[in-house]
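Given next are the chains, with one letter for each unit.
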Amino acid sequence: MPFKPTEYDPYDFANRRHIGPSPAEMAEMLATLDVSDLDALIDQTVPRGIRQNAPLDLGAPLTERELLWELRQIAGRNTVMSSMIGAGYHGTVTPPAIQRNILENPAWYTAYTPYQPEISQGRLEALLNFQTMICDLTGLEVANASLLDEATAAAEAVTMAQRVSKSKKSAVFVDEGCHPQNIDVIRTRCAPLGIDVIVGDPDDLDCTEVFAAVFQYPGTYGAVRDFADAIAHLHAESALGIVIADPLALTLLKEPGAMGADIAVGSTQRFGVPMGFGGPHAAYMACRDAMKRAMPGRIVGVSVDARGNQAYRLSLQTREQHIRREKATSNVCTAQALLAVMAGFYAVFHGPEGLKAIAQRIHQKAVRVADALSQAGYDVGPDHFFDTITVECGALRDVILRAAADRRINLRPVGNTRIGIALDETTRDETLIRLLEAFGVASIRDDQGFRLPDALARTSDYLQHPVFHMNRAETEMMRYMRRLADRDLALDRAMIPLGSCTMKLNAAAEMAAITWPDFADIHPFAPDEQTKGYRALIDDLSDRLCRITGYDAMSMQPNSGAQGEYAGLLTIRAWHAAQGETGRDVCLIPVNAHGTNPASAQMAGMKVVVVKCTDRGDIDVDDFRAKAEKAGGALAACMITYPSTHGVFEETVREVCEITHAHGGQVYLDGANLNAMVGLVKPGEIGADVSHLNLHKTFCIPHGGGGPGMGPIGVKAHLAPYLPGDGQGAVSGTRFGSASILPISWAYCRLMGGEGLTQATKAAILNANYIAARLDGAYKILYRGTEGRVAHECIIDVRPFDKSAGVTVDDIAKRLVDNGFHAPTMSWPVAGTLMVEPTESETKAELDRFCDAMLAIREEIRAIEEGRSDREANPLKRAPHTVEDLVGDWDRPYTREAGCFPAGAFRVDKYWPPVNRVDNAYGDRNLICTCPPVEAYQEAAE
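Residues numbered from 1 in each chain as written. Predicted model: local features only at pLDDT ≥ 70, side-chain atom pairs only at ≥ 80, totals over all residues. Heavy atoms only, no water.

- For the protein chain, the name recorded in an unreviewed UniProt entry is Glycine dehydrogenase (decarboxylating), with Palleronia abyssalis as its organism.
- You can read under Sequence similarities (unreviewed entry) in the UniProt record for the protein chain the words "Belongs to the GcvP family."
- Recorded in UniProt under Subunit (unreviewed entry), the annotation for the protein chain is "The glycine cleavage system is composed of four proteins: P, T, L and H." (UniProt positions renumbered as here; feature names shortened; annotations may be inferred.)

### Some points on the overall build of the protein chain
- A tally of helices and strands in the protein chain yields 31 helices and 26 strands.
- For 942 residues, the compact-globule estimate of 2.2 N^0.38 gives 30 Å, and the protein chain sits close to it at 28 Å.
- Summarising its shape, the C-alpha atoms of the protein chain cover approximately 85 × 80 × 65 Å along the three principal directions.
- Within the protein chain, residue pairs in contact and separated by at least 24 positions form 78% of the contacts whose partners lie at least 6 positions apart.
- Working note: accessible area of the protein chain is about 32600 Å², and carbon and sulfur atoms make up 48% of it.
- Positive and negative charge centroids in the protein chain, built from 92 and 120 side chains respectively, lie 2 Å apart. (Helix = DSSP H or I, 4+ residues; strand = E, 2+ residues; numbered from the N terminus. Rg over C-alpha atoms; globule rule 2.2 N^0.38 Å. Contact = heavy atoms within 4.5 Å. Areas by Shrake-Rupley, 256 points an atom, 1.4 Å probe, with all protein chains shown as cover. Lys, Arg positive; Asp, Glu negative; His and termini not counted. Charge placed at Lys NZ, Arg CZ, Asp CG, Glu CD.)

### Quick notes on helix 10 (residues 228-236)
- Within the span of helix 10, buried status applies to Ala228, Ala230, Ile231 and Leu234. End-on, the buried residues of helix 10 take up no more than an arc of 160 degrees, which puts them together on one face. Among the exposed residues of helix 10, those oriented more than 90 degrees off its buried face are Asp229, His233 and Ala236. (Buried < 20%, exposed > 50% of the residue type's maximum accessible area, 1.4 Å probe, protein only. Arc of directions from axis to C-beta.)

### Side note on the nonpolar core
- Judged by nonpolar contacts, the single largest core of 240 residues is most densely connected at Phe345, Leu373, Ile421 and Phe439.
- Residue contributions to this core peak at 21 residues, all from helix 13 (residues 337-375).
- Counting the residues that make up this core, at least three belong to each of domain 1 (79-491 + 908-941) and domain 2 (517-751).
- Once residues within four sequence positions are removed from consideration, Ile421 is found in contact with Met84, Val369, Leu373, Asp387, Thr388, Ile389, Val391, Leu411, Leu435 and Phe439. (Core = buried A, V, L, I, M, F, W, Y, C linked by side-chain atoms within 4.5 Å. Domains from an automatic or database assignment.)

### As for the pairing of strand 8 (residues 283-287)
- Of all 5 residues that make up strand 8, 5 are buried, and the element is covered over most of its length.
- The alternating pattern of strand 8 places Ala283, Met285 and Cys287 and Tyr284 and Ala286 on opposite faces, both of which are buried.
- When strand 2 (residues 142-143) meets strand 8, the two strands line up antiparallel, connected through 2 bridges. Paired with Ala143 across the bridge in strand 8 is Ala286.
- Note that strand 7 (residues 263-267) and strand 8 share 5 bridges and pair antiparallel. The residue of strand 8 that forms the bridge with Ser267 is Ala283. (Pairing = 2+ DSSP bridges.)

### Observations concerning the pairing of strand 5 (residues 212-217)
- Judged by how many residues are buried, strand 5 sits mostly within the fold: 6 of 6 residues are covered.
- Residues Ala212, Val214 and Gln216 of strand 5 are buried on one face, and the alternating residues Ala213, Phe215 and Tyr217, pointing to the opposite face, are buried as well.
- Pairing geometry for strand 3 (residues 171-175) and strand 5, over 3 bridges, is parallel. Bridge pairing in strand 5 links Phe173 to Ala213.
- With helix 10 bridging strand 5 and the parallel strand 6 (residues 240-245), this β-α-β connection has right-handed handedness. (Right-handed = clockwise from strand over helix to strand, strands pointing away.)

### Describing the packing of aromatic side chains
- Counting across every chain of the model gives 18 aromatic pairs.
- Taking 5.4 Å as the distance between ring centres and 40 degrees as the angle between the ring planes, the aromatic pair formed by Phe271 and Tyr346 counts as tilted. Residue Phe271 is found in the loop between strand 7 and strand 8, and its partner Tyr346 is found in helix 13; the two are separated by 75 residues along the sequence. Neither Phe271 nor Tyr346 differs from the other in exposure class; each is buried.
- Each ring, one from Phe821 and one from Phe850, has its centre 5.5 Å from the other, and the planes form 85 degrees; the classification is edge-to-face. Taken together, the positions of Phe821 in the loop between helix 26 (809-818) and strand 25 (825-826) and Phe850 in helix 27 (residues 844-865) put the pair 29 residues apart, joining distant regions of the chain.
- Following the ring pairs from residue to residue traces out a cluster consisting of Phe277, Trp516, Phe519, Tyr534 and Phe736. (Phe/Tyr/Trp six-rings, centres within 6.5 Å; stacked < 30°, edge-to-face > 60°.)

### Examining the domain arrangement of the protein chain
- Structurally, the protein chain comprises domain 1 (79-491 + 908-941) and domain 2 (517-751).
- Distance between the C-alpha centres of domain 1 and domain 2: 29 Å.
- The interface of domain 1 with domain 2 comprises 49 residues on the first partner and 58 residues on the second.
- Buried area between domain 1 and domain 2, both sides added, is near 4300 Å², and the carbon and sulfur share of it is 61%.
- Counting every contact that joins domain 1 to domain 2 gives 0 salt bridges.
- At the level of elements, helix 6 (106-109), helix 8 (150-164), helix 9 (180-190), helix 12 (320-324) and helix 13 are the ones that each hand at least two residues to the side of domain 1 that touches domain 2.
- For the side of domain 1 that touches domain 2, the leading source of residues is helix 9, giving 5 residues. (Buried area = accessible area lost by both parts, 1.4 Å probe. Salt bridge = Lys/Arg side-chain N within 4 Å of Asp/Glu carboxyl O.)

### Some words on the pattern of salt bridges
- One pass over the structure, following the stated rule, counts 53 salt bridges.
- Lys504 serves as the salt-bridge partner of Glu840, at 2.7 Å between the closest nitrogen and oxygen. In this pair, Glu840 sits in the loop between strand 26 (833-836) and helix 27 while Lys504 sits in the loop between helix 16 (474-486) and helix 17 (508-511), placing the two residues 336 residues apart along the sequence. You'll find Glu840 and Lys504 in the same group, each marked buried.

### Thoughts on the sheet that holds strand 2
- Pairing in this open sheet of 7 strands is mixed, and the strands run 2-8-7-6-5-3-4 from one edge to the other. A strand with exactly one partner marks an edge of an open sheet, and here the two such strands are strand 2 and strand 4 (196-200).
- Against the sheet, helix 7 (residues 121-138) engages strand 2, strand 7 and strand 8, with an angle of about 60 degrees to strand 8. (Axes fitted to C-alpha atoms, helices over the stretch in contact; angles between N-to-C directions.)

So this is what it looks like as structure tokens:
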């Protein structure tokens, strides 16, 4: 037989690995849509008037092997040092069991925010562990399930305090001992809200002039002091006390709650989460019980299911910014769930004894260094400290810094003559010897000193729940993590068709580098010459994103999509101010814009004016024009989402941009739906001035069960000077936000190339239209474009079934769990509907399985409508079904087979939810947001 070379390329990542449908499957799907080819479908879907002229050129794609080699070269340009910079970022030891079983496990990192509690019990329990840990360490009653970083948590605490404080003052005091990045972000947050920020020595605090005061504990230069008296004086003036506390220090030090603090915030980075050049890390917030309803972010609570068994759920503010819009407490959407899970497991892994031992060892190392330097004649302060000291070096300061760097140690320059030294879990005795050599000190003693004031020694217990006292053998830890993971439904099990969430593949090759030490162990304030690899990667990623979007500059600082919205609006605000037009404060937001937009506009100090939509779901251009004209010289911006959240490419987007510009405003185009545009449409070429990009959607950073995310903003050239940066409008604690996950998006761009990215967009549009076509007739597709097509997502109208069969959108969502699926987005942007986004990564088989499930559900509804099934005792109302239902007494008028094994469900590999339908009302009436006592677990087991 003659040898015939094959044209098949096994290393074509875009078409073999990332894009789900094969060419043959695509042909079948196109036939269903009655179009000749993929380009014909795109012509029917995307208006020609907005299409980019030239193909997207990002260079040739790499194979996975080539990618990993290139990443190694980039990582090698970073220099890993022993970091003693501190300032809120510390070396830490990630237990390998947590790295392998959580951080590198797709069962954890591909999950979505746990809005559907029945399929999220594992990560909800893990986040409840985190909340319990925070409540115990801070001594406060309620904690949330994480915030973006310490600096933004501090800013959130300030605005929360203003909402709940009975003081009428408009100023906040900030301790000058706070980390500089915390002060910067607080200033940024307060400026558009008209809050004056007074930075000073706590001894000079005038409690009559402020609604709250913020204290750092321990201080940025190491000082440990009791703020109880200051907080008592604040309370006497109806003001509140906020403490930014290091949770590891709280294992030894008096907790904020014991000082009378109303709110505590901080970072759990040193609980096993690498520095990663600035993030991602899970911040925390805790508060007194009376303030819980004003707390931003997500709160995990305990409720019961339909059988009365204990079940976890998100409580109170779940998705509140999508519902309350500009009246929301915050625009927080993505938090840092995956990192909070890691931090919580770090506490489970070590227990209270282990955490205390780690803290004591760190403190004793700091004491040994302080004593050695003092005995050598250096002026060392403060007198009382936990892990950080400051040394007066005079004219020798820079010489010592260079000597330390020569010994591979980074120290913190303070002022002109001082040096800061922060010790951490990773500091070894050999490192201490090298450190002291840099100061010209020859030896260090092994004394077990203690330099914490007796009055501040912690006396209360913490982490007393049994979960923090389980057997710490790795076999037991590994099995506990596995048990929790098995309770959940993530992308490693099934398609997650959440509209506006873009739950696409997070490829293993893209994820590989984030745990490499050359990326993970870099301090965000390390000298530039030590971070050449990071900076080269970030510059290259920024350039590629500019070429994709048509913008001229990028800021990588925002570390969530909602924060990107906020940063973009602040950039517009700063540009207007530079033009002398500070009176521009009106923001037009159509009803079909993304849900967090109104809350972001309010945070940026803008007045939200809502624009109507037509019956087809498009922006009502006449209403838009009228409201722009009415705003006139006060128009600051409009915020539009494209394609709209109704899942349609609107024909009038250029006209909307032109109207905005004609009245002096700027166009913010929300990048939530960029997955339908890459390679086809450039926002910067159709009239937009600024967009944020959800790297955790379009560019493959995993959602992590509710974070991390990245929301960099792209702008046209005239806005570039006003982007957030060092000392200018900082929106997060570090210049590049959650820098350590940027290699994921860079890797995605390099693996796909311009042609692959464009093909992915086309496949996403194909998959959505295929679902719309298969379900059409059984369900009404609420919105379509002028030629009957949807974009990358579609809205299914299930509202009529409430009247015809008593079936709600909740019933359908829970029934899909029986089919083995996460429900689509419920009741947003239209109440009582389902929004479906399949992404390009799903195969035709998975799309068909979903469609089969939805069609079977329609037949179950029809049976109710026709009287063949009871309106209450039916598979939809009783969904989801558990193993307990399968094996227990069965008193239902439908069969076990019909209830437990509906169409689309696997028989051998079926997903079984661990709980029945969760009672949301019960959970809010009986709010419990820490781990229940062990008796509750025993009762549940019985």
